[in-house]
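Remarks on the overall topology
The residues making up each chain are set out below.
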Amino acid sequence: MRVFSNGTSTIKISMESVVVVDMLEDFVGGKLACREAAKIIEPIRKLSIAARAKKKPVIYVGDAHLPSDPEMIIWGEHAMKGSPGASIIKELAPSPTDIVLEKRTYSGFRETGLDLVLRSLKVNTIILVGLHTHLCIRHTAADAFFLNYHTIVPVDCVCAFSPQEQESGLEYLHKFYGVELSTVSSILENWKKE
Ligand code: ZN
């Protein structure tokens, strides 16, 4: 069992789950395409494959919007429920053992059932990856913090629209939600020792 200490408190990491946020067609190459998104596909793929091999749950949570959702006023229609834009990109297609949940706000926890899934699987640490560092990753990390999960974000598996948003987004995660910033290679090294 790995122990994480941030200087003031210590967390025993007993069960980890990879949570993949919004790696959907509309966000990677579609309506709200993010230029940096292509770079994080391979690291996320590598991490997910290793997690499955270690019997760690891989959970996808992605937008599946209805026209009445609050975000429509900000972003316009995107990743609409049942549309091709709301489908997970083929490079990261879920395995039959993975869990796929839908969300309708920035947070992967809000009214998605994610908390119940994680608690049922005895997960206390989430490895949060996907899009975008300063938006859905940030709001998902906020709820994870409020629900007392420990969160690890491999910095090579998240991105934002600009380098500034990426940098300030990561800083905010660490500073206010106690997120452990890591890399895929460092996580895989830790898993080798388990
Ligand atoms: Zn959305």
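Data block above holds the structure.
Right, let's walk through the structure included here. Per chain, the residues get numbers from 1 upward, laid out in the order the sequence is written. Selection of residues for local features in this predicted model requires a pLDDT of at least 70, selection of side-chain atom pairs for listing and counting requires 80 or more, and totals for whole chains, interfaces and linings are taken over all residues. Side-chain numbers come from the whole structure's heavy atoms, not from hydrogens or water.

Considering the packing of helix 2 (residues 37-53) against helix 7 (residues 184-193)
- To obtain an axis, a line is fitted to C-alpha atoms, over the contacting stretch when the element is a helix, and the angle between two such axes runs from 0 to 180 degrees between their N-to-C directions. What counts as a helix is a DSSP run of H or I of at least four residues, what counts as a strand is a run of E of at least two, and both are numbered from the N terminus. In the contact formed by helix 2 and helix 7, the axes pass within 10 Å of each other and the chain directions differ by 10°. Taken together, helix 2 and helix 7 sit at an angle that is classed as roughly parallel. Between helix 2 and helix 7, the residues in contact are Pro43, Lys46, Leu47, Ala50 and Ala51 and Val184, Ile187, Leu188 and Trp191, respectively.
- In this count, Pro and Cys sit with the nonpolar residues alongside Ala, Val, Leu, Ile, Met, Phe, Trp and Tyr, while Asp, Glu, Lys and Arg are called charged and the others, Gly among them, polar. Looking at side-chain class alone, the contact of helix 2 with helix 7 contains eight nonpolar, no polar and one charged residues. These descriptions rest on fixed angle ranges, namely under 35 degrees for roughly parallel, over 145 for roughly antiparallel, 65 to 115 for roughly perpendicular, and the rest for oblique. The contact rule is simple, with two residues in contact once any of their heavy atoms fall within 4.5 Å.

Some details on the state of the cysteines
- For this text, the term disulfide refers to a pair of cysteine sulfurs within 2.5 Å. If you walk through the whole model with that rule in mind, you get zero disulfides.
- Among the cysteines around Cys34, which has no disulfide bond, Cys159 carries the closest sulfur, lying 3.7 Å off.
- Throughout, exposure labels follow a simple rule: accessible area from a 1.4 Å probe, protein chains only, divided by the maximum for the residue type, with under 20% read as buried, over 50% as exposed, and the rest as partly exposed. Residue classification places Cys159 among the buried positions, given a relative accessible area of 4%.

Side note on the packing of aromatic side chains
- Note on aromatic pairs: the rings of Phe, Tyr and Trp (six-membered ring only in Trp) are paired at centre separations within 6.5 Å, and the planes decide the class, stacked below 30 degrees, edge-to-face beyond 60, tilted for the rest. The full count for this structure, using the stated rule, is seven aromatic pairs.
- Ring centres 6.2 Å apart and planes at 40° place the aromatic pair Trp75 and Phe161 in the tilted group. Taken together, the residues Trp75 in helix 3 (residues 72-75) and Phe161 in the loop between strand 8 (158-159) and helix 6 (163-177) connect sequence positions 86 residues apart.
- Classification of Trp75 by relative accessible area gives partly exposed; the value is 30%.
- Given the relative accessible area of 29%, Phe161 is considered partly exposed.
- Of the aromatic side chains, those joined through ring pairs into one cluster are Phe145, Phe146, Tyr172, Phe176 and Tyr177.

As for the nonpolar core
- One finds Val18, Met23, Leu47 and Trp191 to be the most contacted residues of the largest nonpolar core, which totals 33 residues.
- Counting residues per element, this core draws most heavily on helix 2, at seven residues.
- If near-sequence neighbours (up to four positions away) are discounted, Trp191 is found in contact with Glu16, Val18, Leu47, Ala50, Ala51, Lys54, Lys56 and Ile127.
- Within this scheme, the nonpolar core is defined by two criteria: the residues are buried Ala, Val, Leu, Ile, Met, Phe, Trp, Tyr or Cys, and they are joined through side-chain atoms within 4.5 Å. Listed in part, the 24 residues of the second largest apolar core include Phe109, Val117, Ile126 and Leu128.

Let's talk about the side chain of His132
- As for its position among the elements, His132 is in the loop between strand 6 (125-131) and helix 5 (136-146).
- With relative accessibility at 3%, the residue His132 sits in the buried group.
- Excluding its chain neighbours within four sequence positions, the residues that come into contact with His132 are Phe27, Cys34, Ile137, Arg138, Cys159, Ala160 and Phe161.

Looking at helix 7
- Taken together, the buried positions of helix 7 are occupied by Val184, Ile187, Leu188 and Trp191. Relative to the axis of helix 7, the buried residues are bounded by an arc of 95° and lie together on one face. Of the exposed residues in helix 7, the ones pointing more than 90 degrees away from its buried face are Ser185, Lys192 and Lys193.
- Tucked into the core, helix 7 has its buried residues touching strand 3 (16-21), helix 2, strand 6, strand 7 (150-154) and strand 9 (180-182). To obtain the arc, one takes the directions from the helix axis to the C-beta atoms.

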